[in-house]
Amino acid sequence: MKTEKEKCRLGELYNANYDAELIGERQACNEKCHAYNQLSPSSLKEREAIIRDLLGKTGKQFLIEQPFHCDYGYNIEIGENFYANVNCVMLDGAKITFGDNVFIAPNCGFYTAGHPLDVTQRNQGLEYAYPITVGNNVWIGAQVCVLPGVSIGDNSVIGAGSVVTKSIPANSVAVGNPCRVIRKLEE
């Protein structure tokens, strides 16, 4: 029989609400996020150490402004020269992968978790998690919401306030709710 964590990793419906393993992992992550968010902004070495301990993979150069929140941490990978501004939230039931030179404006959210449309399943506390992938050289504007299963291609720009419900190809400027490509960028 599969554990709830195994179901999650396979993209199946799973129950995160009552599973002791997942609850424990989220609690440990919450403690690290709390410690990170309580540090002085000038405590750069301490902040870096907590993020390196929290996330699954980091580049050499990165900065995540406070406050920052995530569910597990170990499912997040950031590339080289990564920057996330204040109030970034990453619900990382599934992998969230960022390439190199990714810049994220304030108040952005990356949500791998979703809930079934079926009311019976939803009321049982079931959810799913699909990975999010952000390529290299991507700029994400303020208050962007990226939903489960989305990929954003290299060199793309996502306009402020966008809700990214479907994947965006490389070299695109995309905006809106739902987010859609409004023009291609020259390579």
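Residues numbered from 1 in each chain as written. Predicted model: local features only at pLDDT ≥ 70, side-chain atom pairs only at ≥ 80, totals over all residues. Heavy atoms only, no water.

**Here's the deal with the overall build of the protein**
And step 1. Counting its regular elements, the protein contains four helices and 19 strands.
And step 2. With the C-alpha coordinates aligned to their principal axes, the bounding extent of the protein is approximately 50 × 40 × 25 Å.
And step 3. Residues classed as buried in the protein amount to 43% of the 187 residues present.
And step 4. Restricting to contacts in the protein with at least 6 residues of sequence separation, those with at least 24 account for 26%.
And step 5. For the protein, the exposed area adds up to about 9,500 Å²; of that, 53% sits on carbon and sulfur atoms.
And step 6. When the 17 positive and 21 negative side-chain charges of the protein are each reduced to one mean point, those points stand 3 Å apart. (Helix = DSSP H or I, 4+ residues; strand = E, 2+ residues; numbered from the N terminus. Buried < 20%, exposed > 50% of the residue type's maximum accessible area, 1.4 Å probe, protein only. Contact = heavy atoms within 4.5 Å. Areas by Shrake-Rupley, 256 points an atom, 1.4 Å probe, with all protein chains shown as cover. Lys, Arg positive; Asp, Glu negative; His and termini not counted. Charge placed at Lys NZ, Arg CZ, Asp CG, Glu CD.)

**Section: the pairing of strand β6 (residues 88-91)**
And step 1. Along β6, the buried face is formed by Cys88 and Met90; none of Val89 and Leu91, which line the opposite face, is buried.
And step 2. One ladder, built from three bridges, connects strand β3 (residues 68-70) with β6; its direction is parallel. Counterpart to cysteine 70 in the pairing with β6 is methionine 90.
And step 3. Here β6 runs beside strand β9 (residues 109-111); their pairing, made up of three bridges, is parallel. If you follow leucine 91 over to β9, its bridge partner there is tyrosine 111. (Pairing = 2+ DSSP bridges.)

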